[in-house]
Amino acid sequence: MIKQAIIPVAGFGTRLLPISRALPKELLPIGPKPTLQWIAEEIASVGIDSICLVTSAAKANIDQLFRTDALLEQTLRTQNKTELLNSLWTHGPFAKTKILTATQDQQLGLGHAILCGQDLMQREPFVVALGDCLMGPVGQSQMTKRLTDVFLSHKADAVIAFERVPPEAVSRYGIADPFEQGSVFQLRDLIEKPKPENAPSNLAIAARYVLSYDIFAELQSIEPGQGGEIQLTDALRKMILAGAKVFGVQMNSGETRIDVGNYTGFAQAFIEYALANDKNLRAMAQVILNEQKQ
Ligand code: UTP
């Protein structure tokens, strides 16, 4: 069983300025919960018992979400506000999950953020979940579970989530070069942001990974890539080309990945998650839509 995870949350979030000046994108409300709580619940539900948040000086209090506030909780108890009390992470089913924090001093990319968590990790495989991407529908995706199952059953070195994107969008993503078709496939290579005419597939990396501890050595050995950043995709590519067994798992139909780190994604996620959790809001939204049609 895979027991540990890293959630990198130290990025600048420039695509969401000026909102991200006021609030880290990983804490944006998505329906009734902050983004990071949805993600932590998703990964804790597959048996992860230790989560390392890689944060920055500017986001130093991001782990407050997971900490007990004795006075607040006592007040809610006294007022019999059980539902509100139970909405807190510290009263939810995963309250015993260990939450650790590491700091990334300079925003040198996803690969660098993962390296910053190394000292807090056991020498065992771990999940990586991007702190600004939600896996749906409504946080209920089984993707992380499938990734960990494939990692163990295939004795893999790494397993990556993929989603199909329109062919014209491949130049925005890391794209799979798979050996075979299917919902689980071994990777021949990974191509970073290919032109559509050169893309080996339209399967784009989708925010969740299971990685063996060996990835840290690869991350330490690679040169900074695009924009001076240490890219996780470069380290994975190096592993694959050296003969490591790296697999992809495709998202099922009906599953969605929403990047809340851009305004459209945030708005879409908020609406989807808010409506899913509230019948009255659905009725109100219908009224608004009907009015707009007139
Ligand atoms: P993104 O590349 O989407 O985040 O990283 P970003 O750099 O904050 O976004 P923009 O491009 O400026 O808008 C995905 C996840 O990895 C974290 C981010 O916080 C986000 O949760 N990340 C990214 C880090 O922790 N450190 C980094 O150096 C980069």
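Keep in mind it's a predicted model, so treat the numbers as computed, not measured.

Asks: I'm lost on helix 10 (residues 279–293) in this one. Help?
Replies: The α-helix winds at 3.6 residues per turn, so residues separated by three or four positions along the chain end up facing the same way. When the terminal C-alpha atoms of helix 10 are compared, their 21 Å separation across 15 residues agrees well with the 21 Å that a helix rising 1.5 Å per residue should span. A distance of 3.0 Å separates the backbone nitrogen of Asn280 from a side-chain oxygen at the start of helix 10, and that oxygen is part of Asp278.

Asks: Teacher, can you tell me more about the site of the ligand here?
Replies: The immediate surroundings of the ligand are formed by 18 residues, with Ala10, Gly11, Thr14, Glu26 and Gln104 found nearest. Here an oxygen atom of the ligand and a backbone polar atom of Phe12 are 3.2 Å apart. The separation between an oxygen atom of the ligand and a polar main-chain atom of Gly131 is 3.3 Å. Contact with the protein chains covers 83% of the free accessible surface of the ligand, which is 570 Å². For the ligand, the cavity whose grid points lie within 2 Å of the majority of its atoms is the largest pocket. Considering only residue class, the shell around the ligand consists of 7 nonpolar, 7 polar and 4 charged.

Asks: Sorry if this is basic, but what is going on with helix 8 (residues 232–241) here?
Replies: Of all the residues in helix 8, the buried ones are Leu232, Thr233, Ala235, Leu236, Met239 and Ile240. Along the axis of helix 8, the buried residues cluster in a sector spanning 160°; they form a single face. Against the buried residues of helix 8 lie helix 5 (110–116), strand 8 (158–164), strand 10 (184–192), strand 11 (203–211), helix 7 (215–221) and strand 12 (246–250). Downstream of helix 8 by a residue or two, Gly243 has a phi angle that is positive, lying close to 100°.

Asks: What should I look at first to understand the nonpolar core in this one?
Replies: One recurring pattern in soluble globular proteins is that nonpolar side chains are buried together. Among the nonpolar cores identified, the biggest contains 42 residues, and Ile7, Ile30, Ile43, Ile48, Leu134 and Val159 are the most heavily contacted of them. Discounting residues that sit within four places of it in the chain, Val159 has contacts with Leu147, Val150, Phe151, Arg208, Tyr209, Val210, Phe247 and Val249. Phe126, Val128, Phe162 and Leu190 belong to the second-largest nonpolar core, a separate cluster that totals 37 residues.

Asks: Could you clarify how one ought to interpret the pattern of salt bridges in this entry?
Replies: Pairing of side chains with opposite charge becomes possible as their charged atoms draw close. Scanning the entire structure with this criterion turns up 15 salt bridges. Here Arg237 ties to Asp189 by a salt bridge, and the two come within 2.7 Å at their closest N and O atoms. Residue Arg237 is located in helix 8, and its partner Asp189 is located in strand 10; the two are separated by 48 residues in the primary sequence.

Rules of the game
Residues numbered from 1 in each chain as written. Predicted model: local features only at pLDDT ≥ 70, side-chain atom pairs only at ≥ 80, totals over all residues. Heavy atoms only, no water. Helix = DSSP H or I, 4+ residues; strand = E, 2+ residues; numbered from the N terminus. Expected span 1.5 Å × (residues − 1). Polar contact = N/O pair within 3.5 Å; in protein donor to acceptor, adjacent residues only side chain to side chain. Near = heavy atom within 4 Å. Areas by Shrake-Rupley, 256 points an atom, 1.4 Å probe, with all protein chains shown as cover. 1 Å grid on protein atoms, 1.4 Å probe; cavity = no way out; pocket = protein on both sides within 12 Å on 5 of 7 lines; lining within 4 Å. Sits in = over half its atoms within 2 Å of the grid points. Nonpolar A, V, L, I, M, F, W, Y, C, P; charged D, E, K, R; others polar. Buried < 20%, exposed > 50% of the residue type's maximum accessible area, 1.4 Å probe, protein only. Arc of directions from axis to C-beta. Contact = heavy atoms within 4.5 Å. Core = buried A, V, L, I, M, F, W, Y, C linked by side-chain atoms within 4.5 Å. Salt bridge = Lys/Arg side-chain N within 4 Å of Asp/Glu carboxyl O.

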